[in-house]
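Here is how the chains run, residue by residue.
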Amino acid sequence: MLKGRNILLGITGSIAAYKSAFLIRLLVKEGANVKVVMTESAIDFITPLTLATLSKNPVYSDFTEGKDTGKWNNHVELGLWADLMVFAPLSANTMAKMAEGICDNFMLATFLSARCPVYVAPAMDLDMFKHDTTQKNLKNIQDQGAVLIPPEDGELASGLSGVGRMAEPENIVQFIQHSLAKKLPLYGKKAMVTAGPTYEKIDPVRFIGNFSSGKMGFAIAEELAKQGANVTLIAGPSHEKESVSGIERIDVLSAQNMFDACHTHFSGMDIVVMSAAVADYSPKEIADKKLKKKDEDLSIPLKRTQDILKSLGEKKENQILVGFALETNDEKENALNKLKRKNLDFIVLNSLRDKGAGFAHDTNKVSIIDANNKSVDFELKSKAAVAKDIVEKIKTYF
């Protein structure tokens, strides 16, 4: 949710400023680009060197880089750089200035230049926070668009106990992520995605499998999560790793394992994307010891695996069910037959005859065909870009 976002952290004069160091570490860990602006009084509580080291960026507190240098810090450019601006901690003094539009320091000039969402995490003593003036100022900045991260109840620096503690860094990050997620088109939707191959054991050391890497399924799971969905990713053996939050990964090995996992989770899903390359056949018998090489040929009887996609199509009610068809000949005809036989809402077709498409590649070339026989052909793209096209199609059903 925060990966790649530019976050401007405003730190004001409060004992809670020490928590900002932990907040920066969490934001950076989430993949955000963090820059810090501070008031002069904030420097009394935590050093710019600490914050610059943690954020890996310069810290700003004044309009110039130093006396007589002739160099100035561009507050307009900094404000426009930010995707989010977070005041943590926000003191009563800075809150009052924000409410009235006072611009007497670099932080406030940057705030007035920013066009991005603004989050505020107040920190002050109990009676200061409850004071009518503070509450009036808080309402004023919220009316102007600032999003309040409520202060927490607990022990305060004065020795009193009550509401006024800055929210803990972990809670601030979770609050921002949840707030951003609520604005996403698939917020609240539950999605299930399958990815990768299945391995059908022959003996303890051999299996029947395929060349699927799982890259396409992982890319779809990540794009769904970026659009706000809560994603359950059922993955066969794959070296891929999910890189965004909001994904619960379930690892399976065989076609039967995947069948069981899909049916366990299917009923609660709004969106189901079956992109795994599931084996159609598995050995009838699995040897309990390694099969030794012999002079004669070896025959391994195979049995049909259960058709996961067809079984889900028979059970689906209000779910959006998406299938994949990887073909080598008569591509569209085969894909249309699969679409109808398995009761899909749409199918994603790719052909091994297209250069750069199919297994193992970082790219794919697909066509999307829906239940109304409407087909859209796409050019060769990265699998991440293909995942966006697939999710855009999914969004049209809501």
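Residues numbered from 1 in each chain as written. Predicted model: local features only at pLDDT ≥ 70, side-chain atom pairs only at ≥ 80, totals over all residues. Heavy atoms only, no water.

A. Layout of the sheet that holds strand β5 (residues 118–122). Across the sheet, 6 strands lie side by side as β3-β2-β1-β4-β5-β6; this open sheet has parallel pairing. Whereas interior strands pair on both sides, the edge strands pair on one side only; in this sheet they are β3 (59–60) and β6 (147–148). Strand direction decides the pairing type here: strand β2 (residues 33–38) and β3, joined by 2 bridges, are parallel. Its bridge partner being in β3, V37 is matched across the sheet by Y60. Running at roughly 165° to β2, helix α2 (residues 48–55) makes contact with β1 (6–11), β2 and β3 of the sheet. (Pairing = 2+ DSSP bridges. Helix = DSSP H or I, 4+ residues; strand = E, 2+ residues; numbered from the N terminus. Contact = heavy atoms within 4.5 Å. Axes fitted to C-alpha atoms, helices over the stretch in contact; angles between N-to-C directions.)

B. A look at the sheet that holds strand β12 (residues 230–235). One open sheet accounts for 8 strands, arranged β13-β12-β9-β14-β17-β18-β20-β21; its pairing is mixed. Here the strands that pair on one side only, and so sit at the sheet edges, are β13 (247–251) and β21 (375–377). Here the strands of the sheet are splayed against their neighbours by 15° on average, with no regard to which way each runs. Sheet analysis places strand β20 (residues 367–370) next to β21, joined by 3 bridges and oriented antiparallel. Within β21, the residue paired with I369 across the bridge is S375.

C. Spotlight on a nonpolar patch on the surface. A cluster of nonpolar residues, I15, Y18, F22 and F45, forms a patch on the protein surface that exposes about 440 Å² of accessible area. Relative to the helices and strands, F22 is located in helix α1 (residues 19–29). Given a relative accessible area of 51%, F22 falls into the exposed group. (Patch = residues over 30% accessible without salt bridge, like charges linked within 9 Å, V, L, I, M, F, W, Y side chains within 5 Å. Areas by Shrake-Rupley, 256 points an atom, 1.4 Å probe, with all protein chains shown as cover. Salt bridge = Lys/Arg side-chain N within 4 Å of Asp/Glu carboxyl O. Buried < 20%, exposed > 50% of the residue type's maximum accessible area, 1.4 Å probe, protein only.)

D. Fine view of unusual backbone geometry. The residue after A88, namely P89, is reached through a cis peptide bond having omega 5°. Of note, D330 is a non-glycine position whose phi angle comes to about 45°, a positive value. Structurally, the position occupied by D330 is in the loop between β17 (320–327) and α12 (331–341). The exposure class assigned to D330 is partly exposed, which follows from its relative accessible area of 46%. Here the phi dihedral of N343 falls at roughly 60°; this positive angle occurs in a residue that is not glycine. By the element assignment, N343 lies in the loop between α12 and β18 (346–351).

E. Seen up close, the packing of helix α4 (residues 92–100) against helix α7 (residues 132–143). In the contact formed by α4 and α7, the axes pass within 9 Å of each other and the chain directions differ by 50°. Here α7 runs oblique to α4, going by the angle between their axes. As for the relative orientation of α4 and α7, their crossing is left-handed in sense. From α4, M95, A96, M98, A99 and E100 reach across to α7, where they touch T134, N137, L138, N140 and I141. (Parallel < 35°, antiparallel > 145°, perpendicular 65-115°, else oblique. Left-handed = near helix turned anticlockwise from the far one by under 90°.)

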